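Notes for the structure review
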Number of protein chains: 2
Amino acid sequence: MCRMARPRKPLLSRERIVGTASALVDADGLDAVSTRRLAAELGVSGPSLYNHFRNKDEILDAVADAVSAKVDLSMFDESDPRDWRTALHDWAVSYRAALTAHPNVVPVLARGPGRRPAGLKVADAVFGAMVRAGWPAAQATHIGALMRYFITGSALGSFAGGFVDDETAYDPSDYPHLGQAHLLAERQEKIDEGAFETGLRALLDGLAAQYEEGTRAKRAKTPPADGS
Amino acid sequence: MCRMARPRKPLLSRERIVGTASALVDADGLDAVSTRRLAAELGVSGPSLYNHFRNKDEILDAVADAVSAKVDLSMFDESDPRDWRTALHDWAVSYRAALTAHPNVVPVLARGPGRRPAGLKVADAVFGAMVRAGWPAAQATHIGALMRYFITGSALGSFAGGFVDDETAYDPSDYPHLGQAHLLAERQEKIDEGAFETGLRALLDGLAAQYEEGTRAKRAKTPPADGS
DNA sequence: ACTTTTAACTAACACTGCTAGTTTCTGTTC
DNA sequence: GAACAGAAACTAGCAGTGTTAGTTAAAAGT
């Protein structure tokens, strides 16, 4: 009868903890992850987690980072043929898909890259590709940030909350323009999708216009060699 | 010596609770608001709050709604001369200002209008103004949503988190394009501001282009009366 | 004047993140 | 191979959390 001090083979590992924590978050939400419940799910007792993580936030950060790591970045490869606009578009769609797959993680992810390495890797890839495409460094930084703002903001503001599906909760006379129909949770999903697409397109159109403006200014300063 | 059952004049009111809760959030952050601490600050003991709110979340929702209520909506008045684009711009700036003034509330606010009446009032005003400006109803809904996504996402991703000001936290070789300088918390503030401005401009430019497209299509269908 | 409701209270429950201290196994070093 | 440092599990427990139940006395309603 062992008194269960240190096992022959480690029961826990960072990967295993992050894995079951992820599953727990996906299944039952962020609040369902308590150190004790997570530990129980791992067949282990509470404080053992603290041999592998400094605190609970570090675990959730790791869960969020695992989501970031699933975002496709191939469009930013030097060898990829896509131009900056399509690359940005495809990345945004892939990013959103990653968030939609794990909606409960979004609140953690939305508060910035912080210390999460995969999140920083994403920012790095976007920045590099934009600079290579001809954007000034300052603008390239801004683009990475503002795209993240829009994507995470859209993910957070939509499926991680939204309206309440209770007809009595809203008094239509308080909101003269909004019909009751707009408030139904069922409709909300389509609105989210549409708003994301419209916003993404507007964002890229607007950036393309700014890009045009920038290259025109540059051409005026250093006229091209070819006789145009 | 009264045994402090029911006082002559009510000690608590929803307004007073929301007020001190707001102050507490602003001063010490969201986590600093516990029912007991809030009650202590009000000179009252714990569970008394539950005579005025169903639960803690309802209190925080009310705090968030108070912030929403401070957003300027005058640009959406029927009598206001501003066109839809400038109105949208001015509103976005005012919205962001309200969030910057109370950064700790943003996480609550970012998860959608939910049951908060002031939040819904904002959505209603935007929707009404956009429809009046000639946007189709579906697009008007999308615009309200996507603007909110961008604004709250930007507020959340920046000052409510951001980078860690610890030089040893990041290994520059992991992020070939990002210089170490970009990661300093001090710089982060300027980046946020710039990213917001760039993004807002791009968003409005892009929407203006879509608007043009829409009215052109409409003109083609029903040609104008004047001989152009 | 009697009843109901309201708004405060105290006590307590189940749970939270986390620390301290203990035990036993593993891996390294003389 | 013995001694030792460190790792990885444990138990016990602390201070704090949101919330409910039940009590009490003043206010408001009939």
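Above this text is the structure in question.
These figures come from a predicted structure and were not determined experimentally. (Residues numbered from 1 in each chain as written. Chains lettered and ligands numbered in written order. Predicted model: local features only at pLDDT ≥ 70, side-chain atom pairs only at ≥ 80, totals over all residues. Heavy atoms only, no water.)

1. Some details on the relation of the copies chain A and chain B
Mapping chain A onto chain B calls for a screw motion: a turn of 180° about the axis and a shift of 0.0 Å along it, with 0.1 Å RMSD after fitting. Those values place the two copies in the arrangement expected of a two-fold rotation axis. Identified as the residue of chain A closest to the rotation axis by C-alpha distance is Gly153 of chain A, at 1.9 Å. The overlap is high: 100% of the interface residues of chain A also sit at the interface in chain B, so the same surface is used on both sides. (Least-squares fit on C-alpha atoms with pLDDT ≥ 70 in both. Contact = heavy atoms within 4.5 Å.)

2. Concerning the interface of chain A and chain B
Across the contact, 56 residues belong to chain A and 56 residues belong to chain B. Taken together, the two surfaces of chain A and chain B that pack against each other cover about 4700 Å², and 65% of this comes from carbon and sulfur. Considering only the side of chain A, the residues that lose the most area to chain B are Asp124, Tyr149 and Tyr175 of chain A, jointly responsible for 14% of the buried surface there. At the junction of chain A with chain B, the criterion picks out two salt bridges. Here Arg201 of chain B makes a salt bridge to Glu213 of chain A, at a shortest N to O gap of 3.3 Å. Counting across the interface, chain A meets chain B through six residue pairs in polar contact (both at pLDDT 80 or more). Contributing elements (two or more residues each) for the side of chain A that touches chain B: α6 (117-132), α7 (137-157) and α8 (185-221) of chain A. (Buried area = accessible area lost by both parts, 1.4 Å probe. Salt bridge = Lys/Arg side-chain N within 4 Å of Asp/Glu carboxyl O. Polar contact = N/O pair within 3.5 Å; in protein donor to acceptor, adjacent residues only side chain to side chain. Helix = DSSP H or I, 4+ residues; strand = E, 2+ residues; numbered from the N terminus.)

3. Observations concerning the pattern of salt bridges
All names here are of chain B. Inspection of every chain in the model, using the stated rule, returns 24 salt bridges over all chains. Salt-bridge contacts for Arg111 lead to Asp61; the nearest nitrogen and oxygen are separated by 3.5 Å. Pair noted here: Arg111 is in the loop between α5 (106-109) and α6 (117-132) and Asp61 is in helix α3 (residues 56-68), with a separation of 50 residues, a long-range link. Taking the relative accessible area as the measure of exposure, Arg111 reaches 33% and is therefore partly exposed. You can call Asp61 partly exposed: its relative accessible area is 22%. Measuring nitrogen to oxygen at the nearest pair gives 3.9 Å for the salt bridge that ties Asp205 to Arg201. Placement of both Asp205 and Arg201 in helix α8 (residues 185-221) is noted, with a separation of four residues, approximately one turn of the helix. A relative accessible area of 21% means that Asp205 is categorised as partly exposed. (Buried < 20%, exposed > 50% of the residue type's maximum accessible area, 1.4 Å probe, protein only.)

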